[in-house]
Amino acid sequence: LARKAGHTLPRPDRRSAGRSAEDKVLDRWNGTWFSQVTLNPSRWVPEGSKQNEITEVKWILNGRFQQILNRSDNHETHLTQRYDRGQKKYQKWTFDTNGGHSYWLGDWDEKSQTMTWQFPGGGLKGTMTDRFLFADKTVTYETKLVIKDGEGTTLLDILSQHTRVLKK
């Protein structure tokens, strides 16, 4: 109502005050990334292929969610992720230009610097890992995504190498 009347209210920055260790884990993804993506031959991608992507990640909605926009020449994916304190799990929702969508639950392993996401349900088994590499854990990471059907047939097999685009 104050905004409609022409007034502005100060907005608390949740990211600076009282941030949890789990939120700080997600900070690693913030920024712009260049990705080299290999789609290995699978049921859904019989020929396999390679492509480059640009990914932009930022905190939204008062620092409660991370918004991820992933673009290549012919595909776009919107993702949202956060840490759910009730479930004690990370959550990720994905939506893409082909109408695809998914929901993932994740666990962070500090020692290996790896987020492991699981796709819960639907007769499919999906695992996605984001592993940060090298001494500086904020400059490069790789993602491995594998989805299998109930019989164990690989439907999708993707390996992505991500490099942070450093600002001048």
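Residues numbered from 1 in each chain as written. Predicted model: local features only at pLDDT ≥ 70, side-chain atom pairs only at ≥ 80, totals over all residues. Heavy atoms only, no water.

A. Molecular detail of the overall build of the chain. In terms of regular secondary structure, the chain is built from one helix and 10 strands. Moving toward the C terminus, one meets the helices and strands of the chain in the order α-β-β-β-β-β-β-β-β-β-β. Every one of the 168 residues in the chain was classed for burial, and the buried ones make up 38%. Contacts in the chain between residues at least 24 apart in sequence constitute 35% of all its contacts with a sequence separation of at least 6. (Helix = DSSP H or I, 4+ residues; strand = E, 2+ residues; numbered from the N terminus. Buried < 20%, exposed > 50% of the residue type's maximum accessible area, 1.4 Å probe, protein only. Contact = heavy atoms within 4.5 Å.)

B. Expanded view of the pairing of strand S4 (residues 76-84). Sheet topology places strand S3 (residues 65-71) next to S4; six bridges connect them, and they run antiparallel. By the bridge assignment, Ile 68 is partnered in S4 with Leu 79. The antiparallel pairing of S3 with S4 creates a hairpin that spans four residues between the two strands. One ladder, built from eight bridges, connects S4 with strand S5 (residues 89-96); its direction is antiparallel. Bridge pairing in S5 links Leu 79 to Thr 94. Counted between consecutive antiparallel strands, the loop separating S4 from S5 contains four residues, among which Lys 88 sits at a positive phi close to 55°. (Pairing = 2+ DSSP bridges.)

C. Representation of the confidence of the model for the chain in the model. Summarising the model, the chain shows a mean pLDDT of 87, and 86% of its residues fall at 70 or more. For the chain, helix H1 (residues 21-26) is the element with the lowest average pLDDT, namely 91, and S5 is the one with the highest, namely 96. Within the model, pLDDT remains below 50 along residues 7-16, and this stretch shows 13 contacts once partners closer than five positions in the same chain are excluded. (pLDDT = per-residue confidence, 0-100.)

D. Up close: the pattern of salt bridges. For the structure on display, the rule yields seven salt bridges. With a shortest N-O distance of 2.9 Å, Asp 23 and Arg 85 are connected by a salt bridge. Of this pair, Asp 23 sits in helix H1 while Arg 85 sits in the loop between S4 and S5; the two residues are 62 residues apart in sequence, bridging distant segments of the chain. On the basis of relative accessible area, Asp 23 is assigned to the buried category, the value being 3%. A salt bridge links Asp 84 to Arg 82, with the nearest nitrogen and oxygen atoms 2.9 Å apart. (Salt bridge = Lys/Arg side-chain N within 4 Å of Asp/Glu carboxyl O.)

E. Seen up close, the environment of Ser 49. Note that Ser 49 resides in strand S2 (residues 49-60). With 12 residues separating them along the chain, Ser 49 and Val 37 place their C-alpha atoms 8.3 Å apart.

F. Here's a closer look at a nonpolar patch on the surface. A contiguous nonpolar surface patch, about 200 Å² in accessible area, is contributed by Phe 34, Ile 54 and Val 165. Here Val 165 shows up in the segment after strand S10 (154-164). (Patch = residues over 30% accessible without salt bridge, like charges linked within 9 Å, V, L, I, M, F, W, Y side chains within 5 Å. Areas by Shrake-Rupley, 256 points an atom, 1.4 Å probe, with all protein chains shown as cover.)

G. Here's a closer look at the sheet that holds S5. With respect to topology, 10 strands assemble into a closed barrel ordered S1-S2-S3-S4-S5-S6-S7-S8-S9-S10, the strand pairing being antiparallel. For this sheet, the mean inter-axis angle between neighbouring strands, taken without regard to orientation, is 25°. (Axes fitted to C-alpha atoms, helices over the stretch in contact; angles between N-to-C directions.)

H. Structural view of the environment of Tyr 83. Along the chain, Tyr 83 turns up in strand S4. With a relative accessible area of 10%, Tyr 83 lands in the buried category. In this structure the C-alpha to C-alpha distance between Tyr 83 and Ser 20, which are 63 residues apart in sequence, comes to 9.5 Å.

I. How the structure looks around the side chain of Gln 113. Locating Gln 113 in the fold gives a position in the loop between strand S6 (101-109) and strand S7 (114-119). Only 2.7 Å separates the side chain of Gln 113 from the side chain of Arg 28, close enough to count as a polar contact. Polar contacts involving the side chain of Gln 113 include one to the main-chain carbonyl oxygen of Glu 110, which spans 2.7 Å. (Polar contact = N/O pair within 3.5 Å; in protein donor to acceptor, adjacent residues only side chain to side chain.)

J. Here's a closer look at the packing of aromatic side chains. By the definition in use, this model includes nine aromatic pairs. Measuring from centroid to centroid gives 6.2 Å for Trp 29 and Tyr 141, while their planes differ by 70°, and the two rings are edge-to-face. Of this pair, Trp 29 sits in the loop between H1 and strand S1 (31-39) while Tyr 141 sits in strand S9 (residues 140-148), and the two are 112 residues apart along the sequence. Here Trp 29 and Tyr 141 have matching classes, each one buried. Taken together through their ring pairs, the aromatic side chains of Trp 29, Trp 33, Trp 108, Phe 132 and Tyr 141 make up a single cluster. (Phe/Tyr/Trp six-rings, centres within 6.5 Å; stacked < 30°, edge-to-face > 60°.)

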